[in-house]
There are 2 protein chains.
Amino acid sequence: MILTVTLNTALDVTYTVDALVPHGSHRVGEVIERPGGKGLNVARVLGALGHDTVVTGFAGGATGTVLRDLLAPLPPRDALVQVAGNTRRTLAITDRSTGDTTQLNEPGPQVSPAEWAAFLRTYEDLLAGADAVALCGSLPPGIHVGAYAELVRIARAAAVPVLLDTSGEPLRRGIAARPDLVKPNAEELARLTGSREPLRAAGDARRRGAHAVVASLGPEGVLALTPDGVWRAAPPAPVRGNPTGAGDSAVAGLLSALAEGLDWPRRLARAVALSTATVLAPAAGEFDAAAYAELLPLVTVEPHVPAP
Amino acid sequence: MILTVTLNTALDVTYTVDALVPHGSHRVGEVIERPGGKGLNVARVLGALGHDTVVTGFAGGATGTVLRDLLAPLPPRDALVQVAGNTRRTLAITDRSTGDTTQLNEPGPQVSPAEWAAFLRTYEDLLAGADAVALCGSLPPGIHVGAYAELVRIARAAAVPVLLDTSGEPLRRGIAARPDLVKPNAEELARLTGSREPLRAAGDARRRGAHAVVASLGPEGVLALTPDGVWRAAPPAPVRGNPTGAGDSAVAGLLSALAEGLDWPRRLARAVALSTATVLAPAAGEFDAAAYAELLPLVTVEPHVPAP
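Residue numbers here run from 1 along each chain, matching the order of that chain's written sequence. For naming, the first written chain is A and the first written ligand is 1, with later ones following in the order written. With the structure being a predicted model, the display of local features is reserved for residues of pLDDT at least 70 and the display and counting of side-chain atom pairs for 80 or more, all residues being used for whole-chain, interface and lining totals. Heavy atoms throughout the structure, all of them, feed into the side-chain values; hydrogens and water do not.

### Topic: empty space enclosed by the protein
No. 1: Points on a 1 Å grid, built from protein atoms alone, make a cavity when a 1.4 Å probe fits but cannot get out and make a pocket when they are open with protein on both sides within 12 Å along at least 5 of 7 lines; residues with an atom within 4 Å of a point are the lining residues. Grid points are joined across faces, edges and corners, and a volume is the space filled by probe spheres set on the points. Under the definition given, this model contains three cavities of 30 Å³ or more.
No. 2: As a volume, the largest cavity reaches approximately 120 Å³.
No. 3: In terms of lining residues, the largest cavity is bounded by 14 residues, among which Thr63(A), Val66(A), Arg89(A), Thr63(B) and Arg89(B) are the most central.
No. 4: For this scheme, ten residues count as nonpolar: Ala, Val, Leu, Ile, Met, Phe, Trp, Tyr, Cys and Pro. Four count as charged, namely Asp, Glu, Lys and Arg, and the remainder, Gly too, count as polar. Taken together, the residues that form the lining of the largest cavity break down as six nonpolar, four polar and four charged.
No. 5: Estimates place the volume of the second largest cavity at around 90 Å³.
No. 6: Residue lining of the second largest cavity: Val13(A), Tyr15(A), Arg89(A), Thr90(A), Leu91(A), Glu106(A), Val13(B), Tyr15(B), Arg89(B), Leu91(B) and Glu106(B), and that is the complete set.
No. 7: Mapped by element, the contributors of at least two residues to the lining of the second largest cavity are strand E2 (10-17) and strand E8 (88-95) of chain A together with strand E2 (10-17) and strand E8 (88-95) of chain B.
No. 8: Broken down by element, the lining of the second largest cavity gets its largest block of residues, three residues, from E8(A).
No. 9: The residue makeup of the lining of the second largest cavity, split by class, is six nonpolar, one polar and four charged. Under the DSSP-based scheme used, a helix requires at least four consecutive residues in state H or I and a strand at least two consecutive residues in state E, with every element numbered from the N terminus.

### Some points on the packing of aromatic side chains
No. 1: The criterion for an aromatic pair is that two Phe, Tyr or Trp rings (for Trp, the six-membered ring) have centres within 6.5 Å, with stacked assigned to planes under 30 degrees apart, edge-to-face to planes over 60 apart and tilted to the rest. Evaluation of the coordinates by the stated rule reveals eight aromatic pairs over all chains.
No. 2: Where Trp116(B) meets Phe119(B), the ring centres are 5.5 Å apart and the plane angle is 25°; that geometry is what we call stacked. Of this pair, Trp116(B) and Phe119(B) both sit in helix H3 (residues 113-127), three residues apart, roughly one helical turn.
No. 3: Buried, partly exposed and exposed residues are distinguished by accessible area as a fraction of the type maximum, computed with a 1.4 Å probe on protein chains only: under 20%, between the cut-offs, and over 50%, respectively. According to the relative accessible area criterion, Trp116(B) is buried, its value standing at 11%.
No. 4: Relative to Tyr123(B), the ring of Phe119(B) lies with its centre 5.7 Å away and its plane at 20°, an arrangement referred to as stacked. Of the two residues, Phe119(B) and Tyr123(B) both sit in helix H3, four residues apart, roughly one turn of that helix.
No. 5: What links up through ring pairs into an aromatic cluster is the set Phe58(A), Trp116(A), Phe119(A) and Tyr123(A).

This is the structure we're talking about:
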């Protein structure tokens, strides 16, 4: 079983309007709601790949109920911990003509110390049956900034490989707890290390504690610094599309291959093929299964040769 | 008992952001939710004035549940009819710095013929105990455009005074069914009659079937054409503030005085004092009770003298 943790789950709401005009009044054409938050997105991809997947984290209030109702028919199993506060909504307002999107993110529920303690008990129980765990996304209000570091340490004590995908101070603290893998994008890596040169920055992230760093470089693929070597993996050709969820699909690819005991080149190929197939899918955050199958053997994975 | 009908109830959601930037990403500072839709707003004001008030219309889905939970502790009694579809949200995004607001309105649930029939039964039952009824706001999808005309005829058959506050084609059809009172604003009156001259347009609206027309003219107060005479009513001085809900407060004032058997000048004074006290209140759609009490004796109500 693969476990994903989403402390700040979200109901992703999409509004379609003709064009968003500040201080105007708009008739919303279509309202789409789906369960969101990075760990839930990762789990959905893992479920689609056929992995037994469990999601935990927090859900609460009326929005939490809607989220869980939408999650119920999907493959990932729901082990979310109920909280008193209301799960946040993230609202994407899409202009019909151009497809441009305006994003508004609610803050998320205040989580109490008792609710955090209840989560820790659930997390430890679930780790007993997990082949790997991914810790994903932002922290809701009330959760201490070292929360991911705490969760990394618990996973390592349970000998479960742990992937951390977050940003800012929670990433900085989490890395120091020595996770098996972090998957920052170029921006997160630059904020963490101060360097915009991916190889240098990823090396710095390893020295800070991450056993392996897979830096996602957008259309260029990924750069991986691991105990077994350094690789660059890239799609056969750059693609155009909606990059929403591409990073979450990369995490799913890495976890999927890790859980199957595949080596680094095959993990990276899966990550790049899945994230590219996500950019190509018409619906944001979904992946195109046919494109994934076609892309997988075409991803180039090359050992990195340092410049002379 | 005063009955208000809101066929397209709404959960009014307000987001506060620093400033709305199209195609940007925004952190929402505060999320406020309250029960909305014109008839619910009218009922809330009537409840605050101490009137026994019942609200009906439709509510459904997860948003309907939130709406009813928020309604439960308020004075108006909930006689909303449950529907399968999801009650709409209206989202107001307020820029923190300027107070400017961007509005996004969801379309509302599709109402089935069986749900409309269930509503009609509830409506007829409630009319048996009503001193007056207000029919307020837009129609949700699935409701025929002559719905308000049908509801006006049923109220008149039950000998219950009926006020209609809507716009566009539902107003045009509803007026032809001879409601006791309509309360259009200048814009709605112009769309109905083609005339931007309030006295002429209100006269036209009466000829189309309304027994009385109270046209709301914003800061200038109201113009009333009634079977008993023609009046202009105005606040003692123009005020600045948030006009959201001022029209609904005017409806509440008219209904409140009508239910108490007051004459037209006193009905108009109450409408103008309440709508002005709503503009003055810090929270959108609420009214300032102290300002209302102060304003009530100061509203000028003058019989209209036609120009020579």
